[in-house]
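Notes for the structure review
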Amino acid sequence: MLLPVFTLKLRHKISPRMVAVGRYDGTHTCLAAATQAGKVFIHNPHARSQRLNVSRLLQSPLDSDVSLLNINQAVSCLTAGILNPELGYDSLLVGTQTNLLAYDVYNNSDLFYREVTDGANAIVLGTLGDIPSPLAIIGGNCALQGFDHEGNDLFWTVTGDNVHSLALCDFDGDGKKETITSLCPMYGSRFGYALSNGTVGVYDKTARYWRIKSKNHAMSIHAYDLNSDGVRELITGWSNGKVDARNDRTGEVIFKDNFSSAVAGVVEGDYRMDGHIQLICCSVDGEVRGYLPGGAEMKGNLMDTSVEQDLIRELSQKKQNLLLELRNYEENSKQAESSSPLNESDGQRGIIPANTKLQTALSVNLGSDSQAAHVELRISTSNDTIIRAVLIFAEGIFTGESHVVHPSVQNLSSCIRIPIAPPKDVPVDLHMKTFVGYRNSTQFHVFELTRQLPRFAMYALSNPDPAKEPLSFVNFTVNERVQRVVMWLNQNFLLPEDSEIQNAPFQVCFTSLRNAGHLFIKIKPSGEITVSTDDIDLAGDIIQSMASFFAIEDLQVEADFPVYFEELRKVLIKVDEYHSVHQKLSADMADHSNLIRSLLVRAEDARLMRDMKTMKKRYVELYDLNKDLLNGYKIRCNNHTELLGNLKAVNQAIQRAGRLRVGKPKNQVVSACRDAIRSNNLNMLFRIMRVGTASS
């Protein structure tokens, strides 16, 4: 349990998720947070008499313990930690949408100030992989970038989408940390996560322990051992001001507190300098609270009244449900003893034949004029019982992750068909609860079943037509028997029961139910496989699926996507144009700034000489120049937005080229593509994407 130990009221608004603690002098723990006015404040309660009279770090007029750092841009991410081990104290890292600042608070100096073209949405500081020095790793526009204490770019890779959160943990247990997104590390390979839809949970590697979903948004998550048992709990700060702690294995709430405004951040540190690590929670209104783990004697007293009431209410509901279920069992047992054949009253109580079975089947439905093509889930009973309702729970398919089918009384039958259209090619578990009984039943028997939807269920087997074969392809070789490839096909596609795949060489053709695109898969006796499709994402999904099924660690391929590569070439040309416009606009803005300074001096000289006519003329010129500057700024913002959109397309193209490979070839392609872009060698870039290497 947690025991409140201090409360502070800082007169500064705090931006959500922009809170960090650090020992910027190597000794005293200070709180740093971003404000909504393009500033970062540093709260240092350990040196109340200290006054900093420097150009960049200024004393706050609102609070003597707070110093302000002017960033002059909206802060998008913030963290603190050891960046240069030789200094012996923490550095402050501040990211904006265009730059990254590494700041030495103690000496009031910049370690480095770097432009980041992909922006900085998230930041984490620590060691990564085999790189010995600590890195400031930023996540931005479909890219990750890591800098050392001198600002050297030592790490770069691409991601499938924009990065909004970063954490470091040893995911695969090899003793080295890897980057993962939207998470907070707990210990070992276990991590907590929070989604924008209000979902919070815990994973251990790829196994999910639990998750909960709230109508509020999780603003910050942190791992902290609140009951001194050596195991960290997941602490969550919510948009409604609630702070709760949940058991890492079950998700059970074991502590709860409330702020009057949304929680901005949850961190930990020895803020009182008493040798104990406190959990520190900050609200957006500047309220700061510190907590310490309570002793064993306080375990039953720290849960507030509302938590106890919630627990009593939950247990009472469980008691009522169990009593109702027990009463139903007793009535059914008595009826079974008194009579063997089923009658009308039996049906009303939900009694069904003991041999009743529920059968499920998945098939492809090509649709009609009134209904789009889809995957059809068929649920049926083995006798004359009817299906009253079906509840399906599945991630990523239905809005709200669940779907209810409740036929009208006139349409009740022993069989029900449910259309399913997964938006992405991922395997999904369908958890079904089916209510079975008779037409006059008031109580129903509930069957619970789970059926996996194959990864490529949205592709229908069709007759090969050479005229429809796509020009784009991926070619590679695997050391697997043809029968194993057929097993992979059966596991990942919905093949008709009467379909027979002969020995190699053979080919299968599929048609997408989403866009009617064609997919050809050809297998030769030598193990050479050719996947023909115009969808580079689909090709990458197929290769990654095969690699997982066949346990392939490294796979090099030859690929060509002429239409996609031509679109990418146009995007790269636009990127060069936007860079040129950006440089020209920056130069024009610098010239205008110099001219403004000159006009101000002339206007003031005229005022001192009481030459009002000249002064007025200069200020009119200043007014016109300021209008030009504002218009130029708008153009620059629009240019920057377009540039980011095109850079995102470039980074996604590199990521897609990497997903066509597995293992070391994948990493080599990503690295080589970046080198080709740096040297502005487009021909080399497309060669790397095609064959995986720059050498001929």
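None of these values were measured; they are calculated from a predicted model. (Residues numbered from 1 in each chain as written. Predicted model: local features only at pLDDT ≥ 70, side-chain atom pairs only at ≥ 80, totals over all residues. Heavy atoms only, no water.)

What about the overall build of the protein chain?
For the protein chain, the count of helices and strands is eight helices and 40 strands. Expressed as lengths along the three principal axes of its C-alpha atoms, the size of the protein chain is roughly 110 × 75 × 55 Å. Expressed as a percentage of its 696 residues, the buried residues of the protein chain come to 46%. At a minimum sequence separation of 6, the contacts of the protein chain that also span at least 24 residues come to 56%. Taking the average location of the 72 positive side-chain charges in the protein chain and that of its 79 negative ones, the two points are 5 Å from each other. (Helix = DSSP H or I, 4+ residues; strand = E, 2+ residues; numbered from the N terminus. Buried < 20%, exposed > 50% of the residue type's maximum accessible area, 1.4 Å probe, protein only. Contact = heavy atoms within 4.5 Å. Lys, Arg positive; Asp, Glu negative; His and termini not counted. Charge placed at Lys NZ, Arg CZ, Asp CG, Glu CD.)

Topic: the pairing of strand 4 (residues 39-43)
Counting buried positions over the five residues of strand 4 gives four, a clear majority of the element. The sheet contact formed by strand 3 (residues 30-34) and strand 4 spans four bridges and is antiparallel. When the bridges of strand 4 are listed, leucine 31 appears paired with histidine 43. What sits between the antiparallel neighbours strand 3 and strand 4 is a turn of four residues, in which glycine 38 has the positive phi angle 70 degrees. Inspection of the sheet shows strand 4 paired to strand 6 (residues 66-70) by five bridges, in the antiparallel sense. (Pairing = 2+ DSSP bridges.)

Focus on the UniProt feature "domain: BBS2 hairpin" (unreviewed entry) in the protein chain
Listed under "domain: BBS2 hairpin" (unreviewed entry) in the UniProt record, and renumbered for this structure, are residues 562-659. Taken end to end, residues 562-659 is 97% helix and 0% strand, and its two terminal C-alpha atoms sit 17 Å from one another. (UniProt positions renumbered as here; feature names shortened; annotations may be inferred.)

Some thoughts on the environment of serine 671
Relative to the helices and strands, serine 671 resides in helix 7 (residues 664-678). Counting along the chain gives 13 residues from serine 671 to glycine 658, while the straight-line C-alpha distance between them is 9.5 Å.

Topic: the environment of serine 76
Structurally, the position occupied by serine 76 is in the loop between strand 6 and strand 7 (77-81). By relative accessible area, serine 76 is classed as buried at 15%. Along the backbone, serine 76 and threonine 98 are 22 residues apart, and their C-alpha atoms lie at a distance of 9.7 Å. Those residues in contact with serine 76 that sit more than four places away from it in its chain are Met18, Gly95, Thr96, Gln97, Ala120 and Asn121.

Structural notes on the sheet that holds strand 18 (residues 190-194)
With respect to topology, four strands assemble into an open sheet ordered 17-18-19-20, the strand pairing being antiparallel. If you trace the sheet from one side to the other, it starts and ends with strand 17 (183-187) and strand 20 (207-213), each paired once. Between one strand axis and the next, the sheet turns through 20 degrees on average, direction left out of account. Inspection of the sheet shows strand 18 paired to strand 19 (residues 199-204) by five bridges, in the antiparallel sense. Within the sheet, the bridge partner assigned to tyrosine 193 lies in strand 19 and is glycine 201. (Axes fitted to C-alpha atoms, helices over the stretch in contact; angles between N-to-C directions.)

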